[in-house]
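Here are the chains, one letter per residue:
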Amino acid sequence: MNNVLFTWIRKEFTDSWRNGRLIIFLIVCFGVGLMNPITAKLTPMLIEMMQDQMKDMGIVYDPPTITALTSWEQFAKNIWIPLLVFVLMFGNIFTKEYGAHTLTPMVTKGLKKTTILWGKAIQLILVWTAGYAVYFGVTLMYTEYYWGTEDELMRRVWDMTAMFYLYSLFIVALLVFFSVLWKEFSGVLVSMVTVLGLDLVFGMFPKVAKVLPGRISSPGLLLQKGYEDRYEYAMGDFAVPFVVTLVVIVVLFVLSTILMKRKSVD
Amino acid sequence: MLSIEGLYKRFGDKEVIKGLNFHVPKNSIYGFVGTNGAGKTTTMKMVLGLLEADAGTILVDGERVTYGNTDTNRGIGYLPDVPEFYSFLTTREYLALCGRICGLSDKTTKTRAEELLERVGLAGEKHRIKGFSRGMKQRLGIAQALINRPKLLICDEPTSALDPVGRKEILDILKEVREETTVLFSTHILSDVERICTDVAFLKDGVIALEGTIDQVRTLKSNGEFLVETLNPAGTEALCAHFPNAKVSGEQVVTLTGNDDEMLKVMAFLSGNNIPVLKVERAETSLEDLFMEVTKHE
Amino acid sequence: MMNANWMTLTAKAAEFEIGDYLPLLIPLILVQFGLMAYALVHILKHDHYKTGNRVLWIVVSCVFSIIGPILYIVLGKEEE
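Remember, predicted model here, so these are calculated numbers, not experimental data.

(A) The overall build of chain A, seen in detail. Summing up its helical and strand segments, chain A has eleven helices and zero strands in all. Written out in order from the N terminus, the α and β elements of chain A read α-α-α-α-α-α-α-α-α-α-α. With the C-alpha coordinates aligned to their principal axes, the bounding extent of chain A is approximately 75 × 45 × 35 Å. Counting every position in chain A, which comprises 266 residues, the buried fraction comes to 40%. A fraction of 84% describes how many contacts in chain A between residues 6 or more apart in sequence connect residues 24 or more apart.

(B) Fine view of the overall build of chain B. The helix and strand inventory of chain B stands at ten helices and 14 strands. Against the 2.2 N^0.38 benchmark of 19 Å for 298 residues, chain B shows a C-alpha radius of gyration of 24 Å, more extended than a compact globule. With the C-alpha coordinates of chain B rotated into their principal frame, the extents come out at 75 × 45 × 30 Å. Every one of the 298 residues in chain B was classed for burial, and the buried ones make up 37%.

(C) Focus on the domain arrangement of chain B. For chain B, the assigned domains are domain 1 (2–219) and domain 2 (223–282). The distance between the C-alpha centroids of domain 1 of chain B and domain 2 of chain B comes to 46 Å.

(D) Broad picture of the packing of helix α8 (residues 151–181) of chain A against helix α9 (residues 185–202) of chain A. All names here are of chain A. Contact pair α8 / α9: the axes reach a minimum separation of 9 Å and the direction vectors enclose 135°. Considering their axes alone, α8 and α9 lie oblique with respect to each other. As for the relative orientation of α8 and α9, their crossing is right-handed in sense. Side by side, α8 and α9 meet where L174, L175, F178 and S179 of the first sit next to V188, S191, M192 and V195 of the second. Broken down by class, the residue content of the contact of α8 with α9 amounts to six nonpolar, two polar and no charged.

(E) Highlighting the interface of chain A and chain B. With 23 residues of chain A at the interface, the matching set in chain B holds 21 residues. Of all the elements in the fold, those that place two or more residues in the side of chain A that touches chain B are α1 (3–18) and α6 (103–108) of chain A. Counted by class, the side of chain A that touches chain B contains five nonpolar, ten polar and eight charged residues.

(F) Quick look at unusual backbone geometry. Residues and elements named next belong to chain B. Despite not being glycine, D61 has its phi angle at roughly 55°, a positive value. Turning to its location among the elements, D61 is positioned in the loop between β4 (55–60) and β5 (63–64). Backbone geometry at N274 places phi at a positive 55°, although glycine is not the residue there. Tracing the sequence through the fold places N274 in the loop between α9 (260–272) and β14 (277–282).

(G) Geometry of the environment of T91 of chain B. All names here are of chain B. Note on placement: T91 falls in helix α2 (residues 91–101). When the 25 C-beta atoms within 10 Å are taken as the criterion, T91 is described as buried. Along the backbone, T91 and A113 are 22 residues apart, and their C-alpha atoms lie at a distance of 8.9 Å. Contacts of T91, omitting those with residues within four sequence positions, involve L117, L122, E125, I129 and L140.

(H) Spotlight on the pairing of strand β1 (residues 2–11) of chain B. Residues and elements named next belong to chain B. With five bridges joining them, β1 and β4 adopt antiparallel strand pairing. Each residue of the ladder has a partner; that of S3, found in β4, is L59. Two strands pair when backbone bridges link them, and β1 and strand β2 (residues 14–24) are joined in this way by eight bridges, in the antiparallel orientation. Bridge pairing in β2 links I4 to F22. Counting the residues that bridge the hairpin from β1 to β2 gives two residues, and of these G12 lies at a positive phi of roughly 65°.

(I) Main features of the sheet that holds strand β11 (residues 225–230) of chain B. Residues and elements named next belong to chain B. With antiparallel pairing, four strands are arranged side by side in an open sheet as β12-β13-β11-β14. The two strands at the open ends of the sheet, each matched to only one other strand, are β12 (247–250) and β14. Averaged over all neighbouring strand pairs, the angle between strand axes comes to 25°, with direction disregarded. Two strands pair when backbone bridges link them, and β12 and strand β13 (residues 253–257) are joined in this way by three bridges, in the antiparallel orientation. What sits directly across from V248, in β13, is V254. Docked against the sheet, helix α8 (residues 233–242) engages β11, β12, β13 and β14, running at close to 140° with respect to β11.

Analysis parameters
Residues numbered from 1 in each chain as written. Chains lettered and ligands numbered in written order. Predicted model: local features only at pLDDT ≥ 70, side-chain atom pairs only at ≥ 80, totals over all residues. Helix = DSSP H or I, 4+ residues; strand = E, 2+ residues; numbered from the N terminus. Buried ≥ 20, exposed ≤ 12 C-beta atoms within 10 Å, placed from the backbone. Contact = placed C-beta atoms within 7 Å. Rg over C-alpha atoms; globule rule 2.2 N^0.38 Å. Domains from an automatic or database assignment. Axes fitted to C-alpha atoms, helices over the stretch in contact; angles between N-to-C directions. Parallel < 35°, antiparallel > 145°, perpendicular 65-115°, else oblique. Left-handed = near helix turned anticlockwise from the far one by under 90°. Nonpolar A, V, L, I, M, F, W, Y, C, P; charged D, E, K, R; others polar. Pairing = 2+ DSSP bridges.

As structure tokens, then:
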């Protein structure tokens, strides 16, 4: 292991630990993860309440049975929250150093700019992975405790978790890339929103949508009814955007490394 | 130690550095003087490879500086004008980080850090850098710049934002480190230069207007004037009556021009006629006057 | 109307086994109040915020459970 890179990553973690950001982020992931089984658990109660009112209006329908699926559907629906919080809490780890001129003494001592880039990128990936694992772990633990997930469903859960993980790495790669390009965090955010917006717009054309990273951003699709018999087909459907996203991530990191060498960081 | 030749730099359509040449001798304390916006910081950043020069060569100890990750930085310590450090670390942790980046062993860094903290007067500081005053940050800045025993220490206006006490502390530290390194520091405070520098260069309009050792620069402008201040008006009158080139230049002050012989004659006249005097002194041009003259706009 | 809803909800909750909910509710309450306490202490200890002011953040942190303190930490809390 590169000694300087390791030192640099350790400095990044000291920062996020002492500022309280790391622990807060993990607690948030825990809290949001907890909301999934809670929502599932409370659904029958709310439905019954609704039914009392509906009955007054003369509408009668069967209450849905709550299973592990309900909890996992919530998991897929809320998966954006930890990612959004992550980007807002950790997204400025490049730009805040540009603004504070804290990198100047480091660079003039011979710290390579690529080491700065990779140290921060690795820190981002590690923190996000930890938060995502907490989010997934909490939902899994409670869902198993209350309902138990059958093997067939569990397979899909793993698939969608892995799929969204790759998508989240795409977000991290965008974050790193724009942090090399811009000096201000606002510029980074606007650029990211623009790219994701474009992804969404082009996603409306079915032909292009099949290859865009945005395709794997809605993991809940894998849980939808009707996919039972089309499961293998579905996985084939996601294979292309999966590979495209992977390639885009690699390209973004390579470009970031090249551009970082030319960047003025003081 | 450092030599710059034919350096050019423009920002947009504004040419800031226009063919700069200067040489910093080994073990000197080199004062780099110029008004605000004269291009001092720009020059220093080019020496550090933080900015790309449009033309020209910069040699540090014979090695050429390139933009980006320049190897010459291993031999340079840099103190920025407003040094900023990681506020969540303590001074010792920060110096340990610097040492590791320089590739020093942890043991070397530790002893060196203690030695430097002692020297800059921060040895008792156990808290995080958050909440340090300007002066403390400036002193820590010197410590971090010296951690790897650089051959050249570059300080960008190290004293301009400090009070007189803080300024004196920094100047004393710079004077002390001269034994182990060469110091280049930029400033617009002339008294700082007079206090510690051995060499000086005036930067004006992107070129060096004047360069040399302090003594050279001082005598350059001295044109053999000397002053006599008498105790009473009668003495002044007597002097003026006897020496035709004497000019009254103040209350009971007479300015005379001439070489050492002339000065001795004046002194003989004074003692021969029992004229009481307050002082007889050579008029030395102060750096302040010199600077004003060099940088004034035609 | 609102009141009646809550009473029904409470009644329904009583019908369910409360013990069944405890493993979920206890950590939820801990997270909720932990974040709120952290945010409130931070708000009161500082008087400069990235955006907003003290009153706004106190209200937001107390009224919106979990989301409120997160909003403060992300949008209001100043970098050291």
